[in-house]
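What the coordinates show
Here is what each chain is made of, one letter per residue.
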Amino acid sequence: MNKVVILDYGIGNVKSISNAFLKCGVDVIVTSSICEIDKSIGLVVPGVGAFAHGMEKLKEKGLDKVILNYAQEGKPILGICLGMQLFFDQSTEFGLNKGLGLVPGVVKKLPESSEKLPHISWNELDLSNEALNERGLLSNSSSKNFYFVHSYYVEPKHSETILATTKYSGIDFCSSIQYGNVYGCQFHPEKSASDGLRIISNFKSICEKAI
Amino acid sequence: MKKVRVIARIDVKNEFVIKGIHLEGLRKVGDPNDMAKKYYEDGIDEIIFMDAVAAYYDRNSLSHIIERACKDVFVPITVGGGIRNLDDIQKALNSGADKVAINTMGIRSPEFITEAAKVFGSQCIVSSIVAKETSQGRWEAYVDNGREPTTKDVLEWAHKVERLGAGEIMLTSIDKEGTKRGFDLELYKAICHRVSVPVIASGGAGCSNDLVELAQEVKIDGIAVASILHYKKESVISLKDELLGQNVEIRR
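Everything in this summary refers to the structure shown in the same document. Just so it is clear, the model here is predicted, and its values are computed rather than measured. The numbering scheme is per chain: residues are counted from 1 as the chain's sequence reads. Following the order in which they are written, the chains are lettered starting with A and the ligands numbered starting with 1. At least 70 in pLDDT is required for a residue's local features to be given in this predicted model, at least 80 for side-chain atom pairs to be given and counted, and no such filter applies to totals for whole chains, interfaces and linings, which use all residues. Side-chain measures here rest on the full set of heavy atoms in the structure, leaving out hydrogens and waters.

1. What about the overall build of chain A?
Scanning chain A for helices and strands turns up seven helices and 14 strands. The principal-axis extent of the C-alpha atoms belonging to chain A is close to 50 × 35 × 30 Å. Residue burial is assigned from relative accessible area. The probe radius is 1.4 Å, only protein chains are included, and a residue is buried under 20% of its type maximum, exposed over 50%, and partly exposed in between. Expressed as a percentage of its 211 residues, the buried residues of chain A come to 59%. Within chain A, residue pairs in contact and separated by at least 24 positions form 71% of the contacts whose partners lie at least 6 positions apart. Here chain A holds 21 positive side-chain charges and 22 negative ones, and the gap between their average locations is 4 Å. Secondary structure elements are taken from DSSP: a helix is a run of H or I of four residues or more, a strand is a run of E of two residues or more, and numbering for both begins at the N terminus. Between two residues, a contact is recorded if the distance between any of their heavy atoms is within 4.5 Å. By the counting scheme adopted, Arg and Lys are positive, Glu and Asp are negative, and His together with the chain ends is not counted. Charge coordinates come from a single atom per side chain, which is NZ of Lys, CZ of Arg, CG of Asp or CD of Glu.

Right, dumping it as structure tokens:
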């Protein structure tokens, strides 16, 4: 049976993500088993909380290398919130911390402004990359609302990596990426009602097409 | 544009949703999972489950309700009532909650808030503050689901919890709660001047106009409602229609 693995590294609301994938008809398994990860058709990296702590937990079980190998094999990977941020080169959260270096770019704090931090709200996506978005992760997501809860955002080195931006704190920050077979959402699709479930279904299609 | 979150607050006692006035005089109004699912399907932005009698047992016992809710409800879920230690938080998050609301334990041991925020992240920690007006422009914080006064000034306490690491504040007015006479606007105006974390207002909504008025007068981030939904005076749909009609920025 074709399964998507939701990476279990001790961080992130894996139950919610798992339930959302199940709702979309995806066979999922929450695990850190290399055997299961090898067999899977897609990998989801969840995460909430601090960057350095996230990297530490990944390295504890050697999952940093597992993710890098998986990406090299060309199978689809989806990072959610902190999960996506960990794909990048480095973050400035609590000092300079190195990430996986899978996607060129950095992680920065949302600027101080009249808007509150953390950014906890439903907010819209402004789709940037028509070519990738037509049938990709964000298809049918234009102007739809998604649930965000974060203080840091990703800044990809290459603008073609940006699938969508979102307005907050006086800037248009990157809210979704695609770098080859590596995808990411700053928002939580598993908490974004039916519009979020559609993103998960889109990822399911991406995984099935890649088999 | 920032969107105000419309939140359903579901107080639970012994497997039933209950509702009171001034957080007392509880009546059974339905099944928590059925209600959560209905509100989700109608477009609610978030759900808060409160264990209404956790204080008596000194623990939170909503895990199985949260587990069931997570299968059908794909918006953020907060759970509160009787959160006393890191294990309680871990248990709540493991059952599927995204955030926990902490009141009593935060006041008894403020360092608990800091510890919880460090371990789980500020975004997981909602400081639940229950306020009763003592004189013009002053409110006292209550604990144990609104039963015990603390002599703590609400505005000062709110300022402190933000520094301690809470990511959000849910502020309930005992005076207005369950009365359906509208929100305590002065309370919310005052707190929004004192803190820079998101604030959720709770207590007093009697009709959709109360939400409109609050959203227009105060830079509030979330509005929690209970009575008007549980007693079916309004539906999530009718509330949102009215808010949209009055140009309040919310999720459609």
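2. Observations concerning the interface of chain A and chain B
Contacts between the two partners involve 27 residues from chain A, matched on the other side by 32 residues from chain B. Using a 1.4 Å probe, buried area is obtained as the accessible area two parts lose upon being combined, added over both of them. When chain A packs against chain B, close to 2,400 Å² is buried across both sides, 55% of that on carbon and sulfur atoms. Here a salt bridge means any side-chain nitrogen of Lys or Arg lying within 4 Å of a carboxyl oxygen belonging to Asp or Glu. The interface formed by chain A and chain B holds four salt bridges in total. Any pair of N or O atoms that falls within 3.5 Å is considered a polar contact. Within protein, one atom must be able to donate a hydrogen and the other to accept it, and sequence-neighbouring residues count only if both atoms are side-chain atoms. Applying the counting criterion to the chain A and chain B interface returns 12 residue pairs in polar contact (both at pLDDT 80 or more). Counting residues per element, the ones that place at least two in the side of chain A that touches chain B are α1 (14–23), β8 (119–124), β10 (145–150) and α7 (193–209) of chain A.

3. Comments concerning unusual backbone geometry
With the exception of glycine, the majority of residues adopt a negative phi angle, and the majority of peptide bonds are in the trans configuration. Residue Pro118(A) is reached from Leu117(A) by a cis peptide bond, and omega for that bond is -5 degrees. Within the secondary structure, Pro118(A) is located in the loop between β7 (103–109) and β8. Positive phi is not limited to glycine here, since Thr151(B) has a value of about 65 degrees. Position of Thr151(B) among the secondary structure elements: in strand β9 (residues 148–153). When its relative accessible area of 71% is taken as the criterion, Thr151(B) is described as exposed.

4. Some points on the side chain of His230(B)
With respect to the helices and strands, the residue His230(B) is situated in helix α10 (residues 227–230). A polar atom in the side chain of His230(B) sits 2.8 Å from the side chain of Tyr39(B).

5. Concerning the nonpolar core
Counting 119 residues, the largest nonpolar core has Phe21(A), Leu137(A), Phe49(B), Ile89(B) and Ile220(B) as the members making the most contacts within it. Element by element, the count of residues in this core is highest for α7(A), at seven residues. Ignoring sequence-local partners within four residues, the contact set of Ile89(B) consists of Ile83(B), Val100(B), Ile102(B), Phe112(B), Ala116(B), Phe120(B) and Ile125(B). We define the nonpolar core as a collection of buried residues of types Ala, Val, Leu, Ile, Met, Phe, Trp, Tyr and Cys that are connected through side-chain atoms lying within 4.5 Å of one another. Residues Leu100(A), Val107(A), Ile177(A) and Val182(A) belong to the second largest nonpolar core, which totals 32 residues.

6. Comments concerning the packing of helix α9 (residues 208–217) of chain B against helix α11 (residues 236–245) of chain B
All names here are of chain B. To define axes, lines are fitted to C-alpha atoms, for helices over the stretch in contact only, and angles between the resulting N-to-C directions are given on a 0 to 180 degree scale. It is at 9 Å that the axes of α9 and α11 come closest, and there the two elements cross at 40 degrees. By the angle between their directions, the pair α9 and α11 is classed as oblique. Relative to α11, α9 is oriented so that their crossing is right-handed. Taken together, the residues of α11 that come into contact with α9 (itself represented by Ser208, Leu211 and Val212) are Leu239, Glu242 and Leu243. Here the word oblique covers every angle except those under 35 degrees (roughly parallel), over 145 (roughly antiparallel) and from 65 to 115 (roughly perpendicular). Each helix crossing is assigned a hand: it is left-handed if the near helix lies turned anticlockwise from the far helix by less than a right angle, otherwise right-handed if that turn is clockwise.

7. Observations concerning the packing of α1(A) against helix α3 (residues 63–72) of chain B
Between two packed helices, both the angle of their axes relative to each other and the distance between the axes serve to describe the pair. It is the contact of α1(A) with α3(B), at a shortest axis distance of 8 Å, that shows an interaxial angle of 40 degrees. Put simply, α1(A) runs oblique to α3(B). The two elements α1(A) and α3(B) cross, and the hand of that crossing is right-handed. Residues Lys15(A), Ser16(A), Asn19(A) and Lys23(A) of α1(A) touch α3(B), and the partners they reach there are Glu67(B), Cys70(B), Lys71(B) and Asp72(B). Lys, Arg, Asp and Glu make up the charged group, whereas Ala, Val, Leu, Ile, Met, Phe, Trp, Tyr, Cys and Pro make up the nonpolar group; the residues left over, Gly among them, are polar. The residue inventory of the contact of α1(A) with α3(B), partitioned by class, reads one nonpolar, two polar and five charged.

8. Digging into the side chain of Thr172(B)
Residues and elements named next belong to chain B. As for its placement among the helices and strands, Thr172 is situated in strand β10 (residues 168–173). A distance of 3.2 Å separates a polar atom in the side chain of Thr172 from a polar atom in the side chain of Arg9. Not counting residues within four places of it along the chain, the set of residues in contact with Thr172 comprises Arg9, Ile129, Val130, Ala131, Glu177, Tyr188 and Ser202.

9. Comments concerning helix α4 (residues 86–94) of chain B
Residue and element names in this part refer to chain B. Listed in full, the buried residues belonging to α4 are Asp88, Ile89, Ala92 and Leu93. Across the axial projection of α4, the buried residues extend over an arc of 130 degrees, all falling on one side. For α4, the secondary structure elements touched by its buried residues are β5 (77–80), β6 (99–102), α6 (111–120) and β7 (125–135). For α4, the side-chain oxygen to backbone nitrogen distance between the N-cap and Asp87 is 3.1 Å, and the N-cap itself is Asn85. Regarding the arc, it is the one traced by the directions from the helix axis to the C-beta atoms.

10. Description of the environment of Gly137(B)
Residue and element names in this part refer to chain B. Here Gly137 lies in the loop between β7 and β8 (138–143). On the basis of relative accessible area, Gly137 is assigned to the partly exposed category, the value being 39%. Taking the C-alpha atoms as reference points, Gly137 and Asp98, separated by 39 residues in sequence, lie 33 Å from one another.

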